[in-house]
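Results of the structural survey
Each chain is listed here by its residues.
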Amino acid sequence: MVGKGHRAAVSLPRLVVAAPASGHGKTTVATGLMAALRRAGHEVSGHKVGPDYIDPGYHALATGRPGRNLDPHLVGEERLQPLLLHGAESADIAIVEGVMGLYDGQIGGNGFASTAHVATVTRSPVVLVVDISHASRSIAAVVQGMVTYDPTVDVVGVILNKAGSQRHADEVCRALEPTGLPVLGVLHRDDGIVAPSRHLGLVPAAERDDAAHALDRLADRIAGAIDLEQIARLAREAPDLDDSPWTPDLEPASDRRPVVAVAGGRAFTFRYAETTELLAAAGCEVVTFDPLTDEALPEGTAGLYLGGGFPEVHAAGLSANAPLRAALLEAVQAGVPTVAECAGLLYLCRTVDGAPMVGAIDADAHMTPKLTLAYRTVITPKDHLLATAGTEIRGHEFHRTVVEPAGDIATDTLHASYLHTHWAGQPDMARCFAAAAHATVPAISKGSMAVNLREHTVVEPVETTNPLRYHGDAELADGLVDFAVNVHDGPRPEWLDAALRASLDDVGSYPHPGEAEAALARRHGRDPSEVLATAGAAEAFALIARARDWTRPVVVHPQFTEPGVALTVAGHPPEHMLLDADTGFTLDPNLVPEDADLVIVGNPTNPTSVLHPESTLRALARPGRVLVVDEAFMDSLPGEHHSLSSARIPGVVVIRSLTKLWSIPGVRAGYVLAEPALIAQLREQQSPWSVSTTAAAAMVACAGEEAVAESAARATRLIQHRTVLVDGLNELGIEVVADPAGPFVLARVGEGVHARIRSAGYAVRRADTFPGLDTAWVRIAVRRPDTTRKLLAVLRTEGAQ
């Protein structure tokens, strides 16, 4: 697969984008250069030093070609030039993004697998990207040290990033003059340039609906700040390469073309481009399927490749696709050759964070705060699907999960492991897998691998091993009257339905929430810079969890559990401050730990329906603390008394939702109100285009004058309907938390009553999954009086047993 015999010199203009350390802006500049050069008429190939899957995804968007990796640990030093040439075939310039600092490689490896190592082996000139935000003349000393540390590394220019002003940039440029290195461009701190993958942390391009537009903006700014002609000239000065392009020259094991089903879509984005190229060369027909949306495996599936990704992030969607889970279980148990790397391993387990998965592996997976990131070299102890005993396999691990019981699965038909491998470096693995697929005769015709699990009514509520992941919609089933979900049970206003329908005319363009944020700002008397539109309140909690390294986060309970889940997933498990039923679940601010740097409280609180006074919440605010007030149900109160939505209090964040009052849970429309600096921090964590066109239209509509009037009318009716429910419960002698303010009440009905009224055809929300409550409590949504009286009649009978 590496060219043999006489090798003619190959000309490939190329540059490596490196930096003194992580965080200087390599991804920003490399991806922006690729996009800007392509826009300027170049055919650009993008490459990444190291095993990372995410940056190559953005490279692919920027170049229109597959992103490629150059990693000597995974593929061997001898394949770096061939793989570079293979990836750059027909390109007129290659941009290689480095990893970490220029000379940082495998720990204990003397720079092995570093950017400098790859640049030297591929004889590629290096451009340094240097963050100058915290220094001026000292930058020249850093650059000079990078240049002289290893003379075999050819540093040919510098790009200055995060300059504070033109004067600052000029000072650095003057200091660099003695080095003889040209300054190829200057990016300023206020340019708004943020690397797409860093903007949200680990978010693959396939998961970001706005990634293409973000790259367009990035290309504009890079083209205006960096001398692209000089970049191209320096790239053309790279010496010719004396190797031949890598080729996937496996021989098919039969005349058949067995179908290898490769998991794709948002949940499975991690695989090297050469993997499918090798399978195709080995005579396989590679067909991609989406485990989130496809209910059946491709017709004639004779092999399964479940690569990497983030199934833990998409656990709910993967779990909901029961027909495909059943089809996969059937296939694995039938002996269809299956490779499952990392995410694939998790998907084949029984559960991921309590959400049901395929169940082909007798183990459970869950998130942990610890990141596992390391190169691995293993020796196979026995013959299995991908290798014979004694084979050395090189790979890497990258995950924040654990599988219990731990251990890889390696049989004649199944290989499931945390280890990511690059088959271009170990083509025998591809050969073995393809041969197994050729030898498999699928006894599965079109559609037969989908088991229709949706024809039968599920009476029991959906269970989860993580009680904090349990929500009211899990109670619902066909034939049950819904008192479990806190969504207004009346029809949507005509003006809202009209706005939602009209938004469909604009779904051909990427959404922009600016108009929605401006409308919401007017609604609350704020500046648009104090508003962040979100995909429901749940997204807002995830953004807050990732915004900072919280040292002592506190969640006041009982309350909505997603904030705690989001913090735990982000590696900041919170403390639970439990309020007491004997005091009516009232909040004493003096009981909140003084050193809590994040406090989250609901108002009115779900599930207690308690409304905390504004003075109590203000008492929680203090310097060095962020106070998050979840006002998802505040619009259910006439006049929204005790709301902090229009109050400009330093460190206070208010989260609102349009889901409940306006009966649009499927639209996912919410927003955050806070000071501009906090909004900016949250926006840095948000995936652009996470707010859909339809959600933005709903925000604009629900912030208008018609909405204000309708909201007041609905809130008034809610009081009337809630009174019927509370009075009826009191007549039955059922304890209700006093003075409920939300569209629900919390009632202590007694042990076993939840199941009995469910058997009678009514779904209420169990409350024992809220910290501080037990199985005697249930949450009951407010409904129209005629429906409520029917529930009360059932409670009169079932509650008395």
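Scroll up a little and you will see the structure.
Residues numbered from 1 in each chain as written. Predicted model: local features only at pLDDT ≥ 70, side-chain atom pairs only at ≥ 80, totals over all residues. Heavy atoms only, no water.

A look at the overall build of the protein
Convention followed: Helix numbers and strand numbers start at the N terminus; a helix is a DSSP run of H or I with at least 4 residues, a strand a run of E with at least 2. When we talk radius of gyration, it's over C-alpha atoms, and the globule rule is simply 2.2 Å times the number of residues to the 0.38. When accessible area is computed with a 1.4 Å probe and restricted to protein chains, residues below 20% of their type maximum are described as buried, those above 50% as exposed, and intermediate ones as partly exposed. Contacts were defined at the residue level, with two residues in contact if any of their heavy atoms lie within 4.5 Å. Here the Shrake-Rupley method, with its probe set to 1.4 Å, supplies the accessible areas, and only the displayed protein chains count as covering residues. In this tally Asp and Glu are treated as negative and Lys and Arg as positive; neither His nor the chain ends contributes. Every charge is mapped to an atom, namely NZ of Lys, CZ of Arg, CG of Asp or CD of Glu.
The helix and strand inventory of the protein stands at 25 helices and 29 strands. Compactness check: the protein gives a C-alpha radius of gyration of 29 Å against a globular reference of 28 Å for 801 residues, within 12% of the reference. Projected onto the principal axes, the alpha-carbon positions of the protein cover approximately 95 × 70 × 50 Å. A total of 801 residues make up the protein; the buried ones form 57% of that total. In the protein, 76% of the contacts between residues at least 6 apart in sequence involve partners at least 24 apart. Carbon and sulfur atoms make up 52% of the accessible area of the protein, which amounts to about 31300 Å² in all. Averaging the positions of the 67 positive and the 97 negative side-chain charges in the protein gives two centres separated by 2 Å.

Re the nonpolar core
Soluble globular proteins tend to bury their nonpolar side chains together. The cut-off we apply is this: For our purposes a nonpolar core is just a set of buried Ala, Val, Leu, Ile, Met, Phe, Trp, Tyr and Cys residues, chained together by side-chain atoms within 4.5 Å.
With 72 residues, the main nonpolar core has L102, V126, L128, V143, V260, W423 and F433 as its most contacted residues. Ignoring anything within four residues of it in the chain, the contact list for V126 reads V16, A18, L102, A119, V153, D154, V155, V156 and G157. Judged by nonpolar contacts, the second largest core, of 53 residues, contains L496, L661, A695 and L746.

Structural notes on the pairing of strand β25 (residues 670–673)
What counts is decided by this rule: Whether two strands pair depends on DSSP finding at least two bridges between them.
Of the two faces of β25, both are covered, the one formed by G670 and V672 as well as the one formed by Y671 and L673. In this structure, strand β19 (residues 531–534) lies alongside β25, joined through four bridges in antiparallel fashion. When the bridges of β25 are listed, T534 appears paired with G670. For strand β24 (residues 652–657) and β25, the ladder comprises four bridges, and the chain directions are antiparallel. Note that in β25 the partner of R656 across the bridge is Y671.

Considerations on the sheet that holds strand β29 (residues 777–781)
Stated formally: In this description, a line fitted to the C-alpha atoms serves as the axis of each element, helices being fitted only across the stretch in contact, and the angle between N-to-C directions of two axes falls anywhere from 0 to 180 degrees.
One open sheet accounts for five strands, arranged β18-β28-β29-β27-β26; its pairing is mixed. Only two strands of the sheet have a single neighbouring strand rather than two, namely β18 (481–483) and β26 (735–736). As defined by bridge partners, strand β27 (residues 744–748) adjoins β29 across five bridges and the pair is classed as antiparallel. Within β29, the position partnered with R748 by the bridge is W777. Its contacts with the sheet place helix α23 (residues 705–731) against β26, β27 and β29, and it is angled at close to 5° to β27. Where helix α25 (residues 785–798) meets the sheet, it contacts β18, β28 (762–766) and β29, and its direction lies at approximately 90° from that of β18.

Concerning the side chain of T372
Its place among the elements puts T372 in strand β14 (residues 364–379). Owing to a relative accessible area of 18%, T372 belongs among the buried residues under this scheme.

Some words on the packing of aromatic side chains
Test applied: For Phe, Tyr and Trp, rings pair up if their centres lie within 6.5 Å, where Trp contributes its six-membered ring, and each pair is then called stacked (planes under 30 degrees apart), edge-to-face (over 60) or tilted (otherwise). In this scheme, Lys NZ or Arg CZ marks a charge over a ring once it lies within 6 Å of the ring centre and within 35 degrees of the ring normal.
As enumerated under the stated definition, the model contains 12 aromatic pairs in all. Here the aromatic rings of W423 and F433 are separated by 5.9 Å at their centres, their planes lie at 55°, and the arrangement is tilted. Pair noted here: W423 is in the loop between β17 (414–417) and α15 (427–439) and F433 is in helix α15, with a separation of 10 residues, a long-range link. For W423, a relative accessible area of 0% corresponds to the buried category. Given a relative accessible area of 0%, F433 falls into the buried group. Among the aromatic side chains, those forming a connected cluster through ring pairs are Y53, F270 and Y272. In this structure, R766 is placed above the aromatic ring of Y470, and the distance from its NZ or CZ to the ring centre is 4.7 Å. The lysine or arginine in question, R779, covers the ring of F744, its NZ or CZ lying 5.8 Å from the ring centre.

Considering the environment of A19
Tracing the backbone through its elements, the reader meets A19 in the loop between β1 (14–18) and α1 (26–39). Classification of A19 as buried rests on a relative accessible area of 0%. Sequence separation between A19 and Y103 is 84 residues, and the spatial gap between their C-alpha atoms is 9.2 Å. Not counting residues within four places of it along the chain, the set of residues in contact with A19 comprises H24, K26, M100, G101, L102, L128, V129 and M146.

Observations regarding the packing of α23 against α25
Put simply, the rule reads: Our angle categories are set so that under 35 degrees counts as roughly parallel, over 145 as roughly antiparallel, 65 to 115 as roughly perpendicular, and the remainder as oblique. By convention, the crossing between two helices is left-handed when the near helix turns anticlockwise from the far helix through less than a right angle, and right-handed when the turn is clockwise.
Contact geometry of α23 with α25 gives a least axis separation of 10 Å together with a crossing angle of 15°. Classified by the angle their axes make, α23 and α25 are roughly parallel. Taken as a pair, α23 and α25 cross one another with a handedness that is right-handed. In this structure, α23 contributes H721, V724, L725, G728 and L729 to the contact, and α25 contributes P785, T788, R789, L792 and L795.

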